[in-house]
Structures are given as C-alpha cells and as structure tokens.
Amino acid sequence: VPELSSAQDDYAPSVTIDGEEIIFTSNRPNGHTPDEVGGYDADIYTATMVNGVWQTPKALRGTVNTTKDDISSNLSYNGTKMLYSVLNEAGNYDIFEAFLKGADWTGSVNFSTNINLRSNEIYASYDFDDKLIYYAKDNDGSGGYDIFVSAPVVKRTREYSMPTRVSDVSTG
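As the structure is a prediction and not an experimental result, all values here were calculated from the model. (Residues numbered from 1 in each chain as written. Predicted model: local features only at pLDDT ≥ 70, side-chain atom pairs only at ≥ 80, totals over all residues. Heavy atoms only, no water.)

Asks: So what's going on with the side chain of Lys81? Residues and values would help.
Replies: Mapping Lys81 onto the fold places it in strand β7 (residues 81–87). The class for Lys81 is buried, based on a relative accessible area of 16%. The residues touching Lys81, leaving out its near neighbours within four places in the chain, are Asn74, Leu75, Ser76, Glu97, Ala98, Phe99, Trp105, Tyr126, Asp130 and Lys155. (Helix = DSSP H or I, 4+ residues; strand = E, 2+ residues; numbered from the N terminus. Buried < 20%, exposed > 50% of the residue type's maximum accessible area, 1.4 Å probe, protein only. Contact = heavy atoms within 4.5 Å.)

Below you can see the structure in the form of structure tokens.
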C-alpha cells in the first residue's frame, strides 16, 4: 500500500473492524535520536482511510511510543484496547496493553509475570471476546517461536494463567 509504506521497515498491521483505521509499526525517522548506524527505534503509527485512500501515517497519540522499540500487535474488536510489545531493559520484548481515551492511547499496563517471562513475548492477539490472549514466545533463547495462550485468572489485577503452548499450530 504505497500511502502507508516508507523506505524503512513497516510491519505488524492491525485494522479496525470497520476498515477505516490501521495501526502498524515502523522504524521511519521519528524525532528520536538515531542509533550508531543511523537507524531509528520502532514506533507505532496510525492512518485513516478517507474516500478509499489511506492518509499519511502519524505517530500514535498518547503515551505508547517510547524511545525503545514499540511494536504493535492487535486491536480489540471494539477498537478501544491494543496489545503491543516493548523492548525491556534485559533486551527482550514484553507484552503491554493500552487503552483508547478520546484520541490518545494511554494507561499502558505490563502483563503479569506469568505471560512476560525471561524470553521474548511478541505479536499478541485477543481472542473473539477479548478474554484469552494468544502470542508468540521464543523458546528461551534456543531459536524459533511458538504460539502460546493465556487466560485471565483475576482480570482486575491483570493476573493471567501460565502460558500453554498451542500444540496444533506450533512446531517446536
């Protein structure tokens, strides 16, 4: 899609149910300090469709984008929640959830330690009723990712069950 693409990496798209908005990740120039080779950290962008044409992408409003890599994953069906991953201090990705308040994405919450372990957890997705969370998790540094699922144990405290590998689709 030419209106959304840049010379840098553009990936991890999620489209609202009405097809009028897209969020995605890009490491295009973003106002942050480039790294030693001139590259930028990944941020999450949004664009709307007007009369069948995608408008120029803009950085997602709110507190989601940081100076670390922020990678979009999935919007909830009603478009008011978003799962995304952030590069942590140990160099691994953790899953966060943000909430749409007006035009801003705020309230970023790190998922429980049952989900965010000492490995990379990335590309999370809600199930059809926003209860289960599916995500890719690497095999503790041994290479390769598998798909896991976690269910809420105590939703108000964001406590989720230990991950279960989805064996029908994972190869590890």
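Asks: Describe in detail the pattern of salt bridges, supporting the description with residues and values.
Replies: Scanning the model with the defined rule gives six salt bridges in all. When the shortest N-O distance is used, the salt bridge between Glu89 and Lys68 registers 2.5 Å. Residue Glu89 is located in the loop between β7 and β8 (93–101), and its partner Lys68 is located in the loop between β5 (58–59) and β6 (70–75); the two are separated by 21 residues in the primary sequence. One salt bridge in this structure joins Asp146 and Arg165, with 3.2 Å as the shortest N-O distance. In this pair, Asp146 sits in strand β12 (residues 145–150) while Arg165 sits in strand β15 (residues 164–165), placing the two residues 19 residues apart along the sequence. Residue Asp146 is classed as buried on the basis of its relative accessible area, which comes to 4%. (Salt bridge = Lys/Arg side-chain N within 4 Å of Asp/Glu carboxyl O.)

Asks: Can you break down the side chain of Asp43 residue by residue, with the values?
Replies: Turning to its location among the elements, Asp43 is positioned in strand β3 (residues 43–50). Summary of buried charges: Asp43 has no salt-bridge partner, and the nearest side chain of opposite charge, Arg28, is 9.4 Å away. A polar contact is formed between the side chain of Asp43 and the side chain of Asn30, at a distance of 3.2 Å. Residue contacts for Asp43: discarding those within four places in its chain leaves Phe24, Thr25, Ser26, Asn30, His32, Asn65, Thr66, Lys68 and Asp70. (Lys, Arg positive; Asp, Glu negative; His and termini not counted. Polar contact = N/O pair within 3.5 Å; in protein donor to acceptor, adjacent residues only side chain to side chain.)

Asks: Tell me about the environment of Asn27, residues and numbers included.
Replies: Position of Asn27 among the secondary structure elements: in the loop between β2 (21–26) and β3. Separated by 17 residues in the primary sequence, Asn27 and Ile44 place their C-alpha atoms 8.8 Å from one another. What Asn27 contacts, discounting residues up to four positions off in sequence, is Gln8, Asp9, Tyr40, Asp41 and Ala42. Looking at Asn27, its side chain comes within polar contact range of the main-chain nitrogen of Asp9, at 2.9 Å.

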